[in-house]
Amino acid sequence: MKPSANEKSGIRPLNAKRKFPRVADIDTSTFLHPVAELPAYGDKPEALWELEDVEVIGKRVRSLAYFQRGTVVARFAGTLTYEVMQHTLQVTPTTHILDTNMVGYLSHSCGPNCLLDMTRLEVLALKDIRPGEILSIDYAVTEDVLFKQFPCSCGSPECRHWVTGRREQVNPEGVAYLQHHWNRK
Ligand SMILES: [Zn+2]
């Protein structure tokens, strides 16, 4: 029997009964720029992740499948805009994309399990991801300036405690927050 696209990629749906092989040795030279034959899963995204509503924080995305490090979790598309909005992602310094599907709802983590390729418009697994894990990205990787800076308690060892875009200074609220944070240590 020919292997399916999912078998080749190391991704298997949560409810799959049979064992799928895991490709143990990923060529990290293809890590940031996945090869063309890596499949996209836009055809049945509902089987691979789900959007969930959480009180106060809003929507987030939960994995329903195993994603091996380096594989494409999702491809995305959306409406281009010149404005930075709460759920937009930066494509160029002056262009932002508003995705109506899932990517605008990925959570922030300073040690995320996903990475966005804003050239190919793909969500890649930065770590091996198991079903049930919340999918996250580091907002500072794609955004020059955030819609709103915010405190972070993501729990990762690399946590910056206050998140900004990659080309902006910590704002006065953040300075006060960080001073308070470090004084408590
Ligand atoms: Zn953090």
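Residues numbered from 1 in each chain as written. Predicted model: local features only at pLDDT ≥ 70, side-chain atom pairs only at ≥ 80, totals over all residues.

**Student:** Outline the confidence of the model for the protein chain, listing residues and values.
**Tutor:** For the protein chain, the mean per-residue pLDDT works out to 79, and 75% of the residues sit at or above 70. When the elements of the protein chain are averaged for pLDDT, strand β1 (residues 12-13) gives the smallest value, 50, and strand β14 (residues 162-163) the largest, 97. The low-confidence segment residues 14-45 (pLDDT under 50) makes 34 contacts with residues lying over four places distant or belonging to another chain. (pLDDT = per-residue confidence, 0-100. Helix = DSSP H or I, 4+ residues; strand = E, 2+ residues; numbered from the N terminus. Contact = placed C-beta atoms within 7 Å.)

**Student:** I'd like a description of the sheet that holds strand β8 (residues 95-98), backed by residues and values.
**Tutor:** Through backbone hydrogen bonds, the strands of a sheet pair up, either in parallel or in antiparallel fashion. One open sheet holds the three strands; their spatial order is β6-β8-β7, and the pairing between them is antiparallel. Looking at strand neighbours, the two that pair on one side only are β6 (79-81) and β7 (88-92), the edges of this open sheet. Each strand axis lies, on average, 35° off the axis of its neighbour in the sheet, ignoring direction. (Pairing = 2+ DSSP bridges. Axes fitted to C-alpha atoms, helices over the stretch in contact; angles between N-to-C directions.)

**Student:** Describe unusual backbone geometry, listing the residues and the values that go with them.
**Tutor:** Even without glycine at this site, Leu121 takes up a positive phi of about 55°. You can call Leu121 partly exposed: it has 18 C-beta atoms within 10 Å. In this model, His161 sits at a positive phi of 70°, which is unusual for a non-glycine residue. (Buried ≥ 20, exposed ≤ 12 C-beta atoms within 10 Å, placed from the backbone.)

**Student:** Quick rundown of the pairing of strand β3 (residues 58-63)? Include the residues and the values.
**Tutor:** In this structure, strand β2 (residues 49-54) lies alongside β3, joined through six bridges in antiparallel fashion. By the bridge assignment, Leu51 is partnered in β3 with Val61. Counting the residues that bridge the hairpin from β2 to β3 gives three residues, and of these Val56 lies at a positive phi of roughly 70°.

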